[in-house]
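# Structure at a glance
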Amino acid sequence: MPLLTLRNLPRDDCLLEVANRRPGMDPSACGALLRLLRTGDEAFRVMDENFAAHGLSEGRFTVLMLLARRAALDPTGRGATPAELAEMSGVTRATMTGLIDTLERDGFAQRKPDPQDRRMMNVAITETGRQLMERMLPEHFRRISVLMADLSDEERKNFQALLSKILQRAAQFTSSSENEAPSH
């Protein structure tokens, strides 16, 4: 689902014109954010095509990646609780329940009682889920490499550092009151 439905971004001179009528608007900040959102949408579209080719959504893919990682780190096959998966993926428990339901329905994951506490359920990737990930991950990582191919290693490091700054600033919005933007 696109974050920015605007296909053609406004030119810098248009943003400057609006800024002249709207005190406090920074045209370069607006232009940069619009380009970030538009680029994110296009990158998501490229990744989503691969998910869809394998019958997955981004959410289902994320859960499978988390379960595959857990299986690699914990060979006992315990898996993870739905609450842990929700926390790791940044979704609500209700959303996670729906994702697990469909993954289980399709045979990619299974719920099983926790060996220490039978009141708890754990979720683990199945062999079918592992095979799906083995089939789709080469194309997934190829697409990432192609998207980032025009950036040098140094540019990628700088890009990550810049994105981290934006993430830190965005986190201030969630920790401050809803009506109050963080100050510079």
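The structure contained in this document is the topic of the report that follows. (Residues numbered from 1 in each chain as written. Predicted model: local features only at pLDDT ≥ 70, side-chain atom pairs only at ≥ 80, totals over all residues. Heavy atoms only, no water.)

## A few points about the overall build of the chain
Per the secondary structure count, the chain includes seven helices and two strands. Moving toward the C terminus, one meets the helices and strands of the chain in the order α-α-α-α-α-β-β-α-α. The buried share among the 184 residues of the chain stands at 23%. Sequence separation of 24 or more characterises 51% of the internal contacts of the chain that already satisfy a separation of 6 or more. In the structure as shown, the chain presents an accessible area of about 12,700 Å², 56% of it carried by carbon and sulfur atoms. (Helix = DSSP H or I, 4+ residues; strand = E, 2+ residues; numbered from the N terminus. Buried < 20%, exposed > 50% of the residue type's maximum accessible area, 1.4 Å probe, protein only. Contact = heavy atoms within 4.5 Å. Areas by Shrake-Rupley, 256 points an atom, 1.4 Å probe, with all protein chains shown as cover.)

## Digging into the pattern of salt bridges
In the structure shown here, the tally under the stated rule is 16 salt bridges. As a salt-bridge pair, arginine 111 and aspartate 101 come within 2.7 Å of each other at their nearest N and O atoms. Taken as a pair, arginine 111 in strand S1 (residues 109-113) and aspartate 101 in helix H5 (residues 93-105) lie far apart in primary sequence, 10 residues in all. We classify arginine 111 as partly exposed; its relative accessible area is 23%. Measuring nitrogen to oxygen at the nearest pair gives 2.8 Å for the salt bridge that ties glutamate 139 to arginine 142. Here arginine 142 and glutamate 139 lie together in helix H6 (residues 127-148), a separation of three residues that amounts to about one turn. Under the relative-accessibility criterion, glutamate 139 is labelled partly exposed at 23%. Look at the salt bridges and you will find they share partners, linking Arg38, Glu42, Arg45, Glu49, Glu139, Arg142 and Arg143 into a network. (Salt bridge = Lys/Arg side-chain N within 4 Å of Asp/Glu carboxyl O.)

## Considering the pairing of strand S2 (residues 121-125)
Burial of S2 is extensive: four of the five residues sit out of reach of the surface. Alignment of S1 against S2, held across five bridges, turns out to be antiparallel. In the strand pairing of S2, arginine 111 is matched with valine 123. (Pairing = 2+ DSSP bridges.)

## Here we look at the environment of phenylalanine 159
Tracing the backbone through its elements, the reader meets phenylalanine 159 in helix H7 (residues 153-175). Once residues within four sequence positions are removed from consideration, phenylalanine 159 is found in contact with Met148 and Leu151.

## A few points about the side chain of arginine 143
Residue placement: arginine 143 occurs in helix H6. According to the relative accessible area criterion, arginine 143 is buried, its value standing at 16%. A polar side-chain atom of arginine 143 sits 2.6 Å from the main-chain carbonyl oxygen of valine 46. Each residue touching arginine 143, except ones within four places of it in the same chain, is listed here: Val46, Met47, Glu49 and Asn50. (Polar contact = N/O pair within 3.5 Å; in protein donor to acceptor, adjacent residues only side chain to side chain.)

## Section: the packing of helix H4 (residues 82-89) against H5
Put simply, H4 and H5 touch, their axes get as near as 9 Å, and they point 110° apart. Judged by the inter-axis angle, H4 sits roughly perpendicular to H5. Together, Pro82, Ala83, Leu85, Ala86 and Ser89 of H4 and Arg93, Met96 and Ile100 of H5 make up the contact between the two elements. (Axes fitted to C-alpha atoms, helices over the stretch in contact; angles between N-to-C directions. Parallel < 35°, antiparallel > 145°, perpendicular 65-115°, else oblique.)

## Structural notes on H5
The end-to-end C-alpha distance of H5 is 18 Å, a good match for the 18 Å that 13 residues give at a rise of 1.5 Å each. When we look at burial in H5, the residues that qualify are Met96, Leu99, Ile100 and Leu103. All buried residues of H5 fall inside an arc of 100° around its axis, so they share one side. Turned more than 90 degrees from where H5 packs its buried face, Ala94 and Arg105 sit exposed. Trailing H5 by a residue or two, glycine 107 shows a phi angle of about 80°, which is positive. (Expected span 1.5 Å × (residues − 1). Arc of directions from axis to C-beta.)

## Side note on the packing of helix H3 (residues 58-73) against H6
Packing of H3 against H6 leaves a shortest axis separation of 11 Å and a crossing angle of 110°. The angle between H3 and H6 places the two elements in the roughly perpendicular class. Along this stretch, H3 crosses H6, giving a crossing that reads as left-handed. Every residue of H6 that contacts H3 at Phe61, Leu64, Met65 and Ala71 is listed here: Arg130, Leu132, Met133, Met136, Leu137 and His140. (Left-handed = near helix turned anticlockwise from the far one by under 90°.)

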